[in-house]
Amino acid sequence: YGRIVYYVLAQILQIEPTMNSSNATACEAVGGPEHFSVSLDFASNHSHFLRNLHTSNGVDVYLSVIVFLSCACMCLFTALVFILVNLNLSLNTKHKHVHEKVERKHVQNEIDRNSSAALVDCSRRKEENLTYLDHAGATLYKNSQIDEFANLLKDTTFGNPHTSGPASRSTETIVANVREEILNHFGVSGNSHVLVFTSGTTAGLKIVGESFQWTKNSVFCYQQMAHTSVIGLREYALREGALFECLHYLVDVEEKLNSLLPSGNTNTPLGLIALTAECNFSGVKTDLDVVQRIKSSKGAESWRVLLDAAKFAGTNPLNLSKVKADYTVISFYKMFGFPAGLGGLIMTREAAEELKPTYFGGGNIKVCACDTDFKELHTNISKRFESGTQNFLGIVAAHFGFKQLRDVGMQNIQAHTYDLAQRLYLQLSSLCHENGQKVCKMYGNHHLNDPRKQGSIVTFNAMDKDGGYISHIEIGRLASLNNIQIRTGMFCNPGASQKYFGLTTEQISNYSGEHGGCWEEVDILESGIATGAVRVSVGYSSTLADILVFVNFMKTYFVTKDVPAKSFYTERSKDSAANVVGIYVYPIKSCAGICAKSWPLNSSGFLYDRNWVLVDSEGESLDQKKIPKMCLIVPDINLSTQTMTIRARILNPPEPLKINLSFGRNTKESDMFRICDRLQPGESMCRDVSFWFSSVLGIQCRLIQNIPNPKRSFANRGQLLMISRSSVRWLKEKLEESEHDCHVDDGSFRANIVLDGCQPHEEDSWSTVCIGDTAKFQIAGPCNRCPMVNVNQNTGEQNRNILLALAKYRRCNSHINFGQFLSIQNRFFTSISVGNPVKIIK
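Residues numbered from 1 in each chain as written. Predicted model: local features only at pLDDT ≥ 70, side-chain atom pairs only at ≥ 80, totals over all residues. Heavy atoms only, no water.

Let's shift gears to the pattern of salt bridges. As a working rule, side chains carrying opposite charge can pair if their charged atoms are close by. Tallied over the full model, the rule gives 20 salt bridges. Put simply, Asp-466 and Lys-465 hold a salt bridge, and the shortest N to O gap is 3.8 Å. On the accessibility criterion, Lys-465 (30% relative accessible area) is partly exposed. One salt bridge connects Asp-609 with Arg-610, and the closest N-O pair in it is separated by 2.9 Å. (Salt bridge = Lys/Arg side-chain N within 4 Å of Asp/Glu carboxyl O. Buried < 20%, exposed > 50% of the residue type's maximum accessible area, 1.4 Å probe, protein only.)

With that settled, the discussion passes to the side chain of Arg-810. Inspection of the secondary structure puts Arg-810 in the loop between helix H26 (801–809) and strand S31 (811–812). Side-chain polar atoms of Arg-810 contact the side chain of His-761, separated by 3.5 Å. Among the polar contacts listed, one links the side chain of Arg-810 to the side chain of Asp-764, at a separation of 2.8 Å. (Helix = DSSP H or I, 4+ residues; strand = E, 2+ residues; numbered from the N terminus. Polar contact = N/O pair within 3.5 Å; in protein donor to acceptor, adjacent residues only side chain to side chain.)

Let us look at the nonpolar core. Ranked by size, the top nonpolar core spans 53 residues in total, and within it Leu-428, Phe-550, Phe-553 and Met-554 carry the most contacts. Considering each element in turn, this core owes the most residues, 7 residues, to helix H23 (residues 544–558). When residues no more than four places from it in sequence are discounted, the contact partners of Phe-550 are Leu-133, Leu-424, Leu-428, Phe-460, Ile-484, Ile-486, Val-534 and Val-536. (Core = buried A, V, L, I, M, F, W, Y, C linked by side-chain atoms within 4.5 Å. Contact = heavy atoms within 4.5 Å.)

What follows is about the environment of Phe-186. Assignment of secondary structure puts Phe-186 in the loop between helix H8 (166–185) and strand S2 (193–198). Through-space distance from the C-alpha of Phe-186 to that of Leu-318 is 5.6 Å; in sequence the pair is 132 residues apart.

Moving on, we come to the pairing of strand S8 (residues 343–348). Burial within S8 is extensive, with 6 of its 6 residues counted as buried. Burial of the side chains of S8 extends over both faces: Gly-343, Leu-345 and Met-347 are buried on one face and Gly-344, Ile-346 and Thr-348 on the other. One ladder, built from 6 bridges, connects S2 with S8; its direction is antiparallel. Note that in S8 the partner of His-193 across the bridge is Thr-348. Strand direction decides the pairing type here: strand S7 (residues 327–331) and S8, joined by 5 bridges, are antiparallel. (Pairing = 2+ DSSP bridges.)

This paragraph deals with helix H18 (residues 392–408). Here H18 spans 25 Å end to end across 17 residues, near enough to the 24 Å set by a 1.5 Å rise per residue. The complete set of buried residues in H18 reads Phe-392, Gly-394, Ile-395, Val-396, Ala-397, Ala-398, Phe-400, Gly-401, Phe-402, Gln-404, Leu-405 and Val-408. One or two residues past the end of H18 sits Gly-409, with phi positive at roughly 95 degrees. (Expected span 1.5 Å × (residues − 1).)

Right, let's talk about the sheet that holds strand S33 (residues 831–833) for a bit. In space, the 3 strands of this open sheet follow the order S19-S18-S33, with antiparallel pairing throughout. Two strands close off the open sheet at either side, each with one partner strand: strand S19 (605–606) and S33. Direction of pairing for strand S18 (residues 598–602) relative to S33: antiparallel, over a ladder of 3 bridges. Across the sheet, residue Trp-599 finds its bridge partner in S33, namely Ile-832.

This part is about the packing of helix H19 (residues 410–429) against H23. Two elements in contact, H19 and H23, have axes separated by 10 Å at closest approach and are oriented at 20 degrees. Judged by the angle between their axes, H19 and H23 are roughly parallel. H19 and H23 meet at a crossing whose hand is right-handed. Across the interface between the two elements, Leu-420, Arg-423, Leu-424, Gln-427 and Leu-428 of H19 pack against Leu-544, Ile-547, Leu-548, Phe-550, Val-551 and Met-554 of H23. Taken together, the residues that form the contact of H19 with H23 break down as 9 nonpolar, 1 polar and 1 charged. (Axes fitted to C-alpha atoms, helices over the stretch in contact; angles between N-to-C directions. Parallel < 35°, antiparallel > 145°, perpendicular 65-115°, else oblique. Left-handed = near helix turned anticlockwise from the far one by under 90°. Nonpolar A, V, L, I, M, F, W, Y, C, P; charged D, E, K, R; others polar.)

So, on to the sheet that holds strand S24 (residues 669–675). The strand order across the open sheet built from 4 strands is S20-S26-S25-S24, with neighbouring strands paired in antiparallel fashion. Of all the strands in the sheet, the pair left with one neighbour each is strand S20 (612–616) and S24. For this sheet the average axis-to-axis angle between neighbouring strands, irrespective of direction, equals 50 degrees. Both S20 and strand S26 (residues 701–705) contribute to a ladder of 5 bridges, which runs antiparallel. Considered in S26, the bridge of Val-613 is made with Ile-704. Across the sheet, helix H24 (residues 687–697) lies against S20 and S26, angled at about 130 degrees from S26, the strand it touches most.

Below, the discussion takes up helix H21 (residues 494–501). Among the residues of H21, Gly-495, Ala-496, Ser-497, Tyr-500 and Phe-501 are the ones counted as buried. The inward-facing, buried residues of H21 abut strand S11 (440–443), strand S12 (457–462) and strand S15 (533–537). Just downstream of H21, Gly-502 is the residue with a positive phi angle, here 75 degrees.

Before going further, it helps to spend a moment on the packing of aromatic side chains. Overall, the coordinates contain 23 aromatic pairs when judged by the stated rule. Summarising the aromatic geometry, the rings of Tyr-222 and Phe-244 are spaced 6.2 Å apart at their centres and angled 15 degrees between planes, so their arrangement reads as stacked. Separated by 22 residues along the polypeptide, Tyr-222 in strand S3 (residues 219–223) and Phe-244 in strand S4 (residues 243–247) bring together distant segments of the chain. Since its relative accessible area comes to 3%, Tyr-222 is described here as buried. Centre to centre, the rings of Phe-332 and Phe-402 are 5.5 Å apart; their planes meet at 85 degrees, and the pair counts as edge-to-face. Placement of Phe-332 in the loop between S7 and helix H15 (333–336) and of Phe-402 in helix H18 is noted, with a sequence separation of 70 residues between them. Per residue, the accessibility class of Phe-332 equals that of Phe-402, and both read buried. Here a set of aromatic residues connected by ring pairs shows up, and it is made of Phe-212, Trp-214, Phe-220, Tyr-222 and Phe-244. The aromatic ring of Phe-244 is capped on one face by Arg-234, whose charged end is 5.1 Å from the ring centroid. If you follow Arg-535 out to its NZ or CZ, it ends over the ring of Phe-491, 4.9 Å from the centre. (Phe/Tyr/Trp six-rings, centres within 6.5 Å; stacked < 30°, edge-to-face > 60°. Lys NZ or Arg CZ within 6 Å of the ring centre and 35° of its normal.)

Turning to its location among the elements, Cys-783 is positioned in strand S30 (residues 775–784). Residue Cys-783 is classed as buried on the basis of its relative accessible area of 8%. Sequence separation between Cys-783 and Ile-723 is 60 residues; the distance between their C-alpha atoms is 9.6 Å. Setting aside chain neighbours within four positions, we find Cys-783 in contact with Leu-721, Ile-816, Asn-817, Phe-818, Gly-819 and Phe-821.

With that settled, the discussion passes to the side chain of Asp-746. Secondary-structure assignment places Asp-746 in the loop between helix H25 (725–737) and strand S28 (753–756). Not counting chain neighbours up to four residues away, the residues in contact with Asp-746 comprise Tyr-584, Ile-723, Arg-725, Val-728 and Val-754.

Here we take up the state of the cysteines. Enumeration according to the criterion identifies 0 disulfides in this entry. There is no disulfide at Cys-591, and the cysteine sulfur nearest it, in Cys-631, is 8.8 Å away. (Disulfide = S-S within 2.5 Å.)

Here the focus is the confidence of the model for the protein. Low-pLDDT stretches of the model should not have their predicted coordinates read in fine detail. Here the protein shows a mean pLDDT of 83. Residues at 70 or above account for 80%. Taken together, the stretch residues 114–120 has pLDDT below 50 and engages in 14 contacts with residues farther than four places along the chain or on a different chain. (pLDDT = per-residue confidence, 0-100.)

Counting buried positions along strand S25 (residues 678–684) yields 5 of 7 residues, so the element is predominantly enclosed. Sheet topology note: the S25/S26 ladder contains 2 bridges and is antiparallel. Each residue of the ladder has a partner; that of Glu-683, found in S26, is Gln-705.

Now the structure itself:
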């Protein structure tokens, strides 16, 4: 190729090379200098020419050197250009990265500044030593909101907008301005949209459900991750003979919706699809581009889109001029904390005209007749749906909330909350037990690392070292004791719960039929499936310190590093003998007990033990978790006279109450009440008795007695509860090591039988015991402790450190255990006395 270039350069430089005959012949063969066009098959067709080029004269050599040097220079030049170009790209890339880093630092500083300002403005958190991580439930309001609103209330008189007068006119003007301000916040105006003030998201959904023109050809669709308030709309559809469809995925949703509609449909909207902008269970976000896809699809005129933005709107910007939903529902307390009980339904004017409200009253009616069905609704669309007097003071307060969001910036709030949620996700997902088992089972789309697909919620279940679920209820209780506010349960989202837990409809219906209790009170089914999770949600005022507090909480209580709780005892000596050192009877559930030297047994445990219970006006049993001062109600029973005397250890106590236990039962009325998660029959005592307890506790309540010959007492679980004094001493030592000043004694655990002479928690290993000569008992299982152990039974004061100490050392299988329940094995009943020996059969 160099020789070919040489010939070309020779022509350009007008140098006439001396060629031999072979050269000339070869050149002529390829068309001469003026036709030097080398084809791809040149080498094969004219190989003799290439061979003859090597025999050139001196000029040939000279020109060859020139060609070589030229090619070398060109190569060096090309390499230099390549280096400079890449260096420039590298510098540009580095500069871009530095610029992005500086920009991110600037944004983060702005976020931190706003967040810190918000935190300082929420200084009550610091004073309460509260770590607040339930912003999906309700975010925190700023002190400045309240101050500005209070100042306005002090300086301005607001009147009912339905009244004519100066105060009412100014109120109506402010309400109209706030209405437009809210529409502007969501990127629209009163020209295209209307805002109906409601009491919240649920109320807005009900307006749509009640007013939508359902027919037997209608279809209502909702996502699997929908809130129960959305799912409840299907009842309106079913009432009119319409169908409903649960959408598990939104892939090809346009074709799906089109297939659901009957053929030959008209322009009348037959279908309503409800989309959840952000799942309140997991924080998973819906791609809101789906709204436009639905609107531009075939048959779009037959569908209306309802957007549930309750969770989404609090931490994300939402522009309804781009997300063209027909109906959008929001709640203000989820956006800026105050006021509660106020929200909005935002509708396009076209979609609003299609709704036909059935109820009228107050401000939404223009005129109506009393003796006929004539009525005329208000011509103003917003007022047409606002029955009764508006919460006009709350609407005025909402102005300061939206002002706060503008000051911080929704983009900043989104970036800040997403960053904190991702940090928490990474921390929790990395926690492991000593055997390598993951501590947290995470839910959501955090792994995608995309704020368009995941919001500011981190939901998980804690797992023990064997891979079993840890009770989410227990985690919630311990978090409360540590002044951490989180949410546990299903979060009113059955679809997401079924998806993540693997629950079937059959399991849900079977449990409900068997237990009749609320799912929020159930943690793990007998099959080992969880029924709830732990939800941590952050907001604009959350900080990295909040995240670290919660992570440390999880490490402290739920990462297995120590010896299992039931291994604290050692092998007991064969020569040692346990014996009964205390007997306690609690006639009224959660009230003070009777310390006795001896007490008879019956089929349900100790005679009269937990034979009465106090119930509130709603039929719920009362306990010290709700009313700690119940421990100041002191009953005493005289077995010989069959009389129970009840006193109150309070200031200015009423006269002691006396109840004759042998009195006929015909003065009592049958009653039903709820204790834990079960309905229980009983018999209400007379009104004078109930009045005595109501005056002592300061709430309306009544005393209920157990039915005759009951199979069990009103105890939560087990017939009798047994603890050992050595275990109590062991706990005292743990509290002293932690330098906590707590009052702990035998009475703190409200046991019936107190033993001594055994190792701490040795009773955990027993299965059958005999007390005295004839009383035989089977161990029925450990007592799972709750915050009642924190109540000082002498004063009613609470100290959370007791349960916290137990949680660190006595957690086993997701529960905090202390003491064992006993089940009576005797057919003939006897008495138990202090001093009775305890024989461990096995």
